[in-house]
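# Structure assessment
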Amino acid sequence: MTPGAWFLVACDGKFTEEDLNKEGNAFATTYYGVDGNISEEPDSYLSDYETVFDACEDLYGVPDTWDAFDRLKLVLDQRFDHWKSLQLKG
């Protein structure tokens with residue numbers, strides 16, 4: 001099963017705040033954006049996605065493979081750990 005196929009089964013193709021806990025939602029709001037407005041800041045999800053998959057012609061051309069998932073997961077984990085460390089300091 002590919003990551004995309006798993007997502008369709010597990011989340012009905014929609015990623016909502018009900019899929020995360022309070023901490024996950026706070027991180028997602030900071031990292032991804034607010035109220036559907038995608039952040040284009042240098043340390044945002046969109047920026048990281050574009051960097052990780054810069055060889056693809058467009059953002060929708062990323063292959064639906066576990067290799068692609070694992071490449072992005074490394075960055076997501078780093079961003080989440082950094083965000084958590086800032087929360088502890090704040």
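Structure report, in brief. (Residues numbered from 1 in each chain as written. Predicted model: local features only at pLDDT ≥ 70, side-chain atom pairs only at ≥ 80, totals over all residues. Heavy atoms only, no water.)

## Here we look at the overall build of the protein chain
- Helix and strand counts for the protein chain stand at 4 helices and 2 strands.
- Counting from the amino terminus, helix and strand elements in the protein chain follow one another as α-α-β-β-α-α.
- Principal-axis analysis of the C-alpha atoms places the extent of the protein chain at approximately 40 × 30 × 25 Å.
- When each of the 90 residues of the protein chain is scored for burial, the buried share is 21%.
- A sequence separation of at least 24 residues applies to 43% of the contacts in the protein chain between residues at least 6 apart.
- Of the accessible surface of the protein chain, which amounts to about 6,900 Å², a share of 55% is contributed by carbon and sulfur atoms.
- Averaged over its 7 positive side-chain charges, the protein chain has a centre that lies 9 Å from the centre of its 19 negative ones. (Helix = DSSP H or I, 4+ residues; strand = E, 2+ residues; numbered from the N terminus. Buried < 20%, exposed > 50% of the residue type's maximum accessible area, 1.4 Å probe, protein only. Contact = heavy atoms within 4.5 Å. Areas by Shrake-Rupley, 256 points an atom, 1.4 Å probe, with all protein chains shown as cover. Lys, Arg positive; Asp, Glu negative; His and termini not counted. Charge placed at Lys NZ, Arg CZ, Asp CG, Glu CD.)

## Brief notes about unusual backbone geometry
- Residues other than glycine seldom take positive phi values, yet aspartate 12 does so here, at roughly 55°.
- By the element assignment, aspartate 12 lies in the loop between helix 1 (3-11) and helix 2 (22-32).

## Observations concerning the packing of helix 2 against helix 4 (residues 66-89)
- It is at 11 Å that the axes of helix 2 and helix 4 come closest, and there the two elements cross at 105°. Between helix 2 and helix 4, the crossing angle belongs to the class labelled roughly perpendicular. Residue-level inspection shows Glu23, Ala26, Phe27, Thr30 and Tyr31 of helix 2 in contact with helix 4, the latter providing Val75, Leu76, Arg79, Phe80, Trp83 and Lys84.
- By residue class, the composition of the contact of helix 2 with helix 4 is 7 nonpolar, 1 polar and 3 charged. (Axes fitted to C-alpha atoms, helices over the stretch in contact; angles between N-to-C directions. Parallel < 35°, antiparallel > 145°, perpendicular 65-115°, else oblique. Nonpolar A, V, L, I, M, F, W, Y, C, P; charged D, E, K, R; others polar.)

## Comments concerning the packing of aromatic side chains
- Here the structure, examined in full by the defined rule, presents 9 aromatic pairs.
- The interplanar angle of 75° and the centroid separation of 5.2 Å between the aromatic rings of tryptophan 66 and phenylalanine 69 together place this pair among those described as edge-to-face. Pair noted here: tryptophan 66 and phenylalanine 69 are both in helix 4, with a separation of 3 residues, about one helical turn.
- What makes tryptophan 66 partly exposed here is its relative accessible area of 39%.
- Using a relative accessible area of 36% as the deciding quantity, one classes phenylalanine 69 as partly exposed.
- Clustering of aromatic rings is evident, with ring pairs tying together Phe27, Tyr31, Tyr32, Tyr45, Tyr49, Phe53, Phe80 and Trp83. (Phe/Tyr/Trp six-rings, centres within 6.5 Å; stacked < 30°, edge-to-face > 60°.)

## Structural notes on the environment of glutamine 87
- In this fold, glutamine 87 is placed in helix 4.
- Judged by relative accessible area, glutamine 87 falls into the partly exposed class, the value being 44%.

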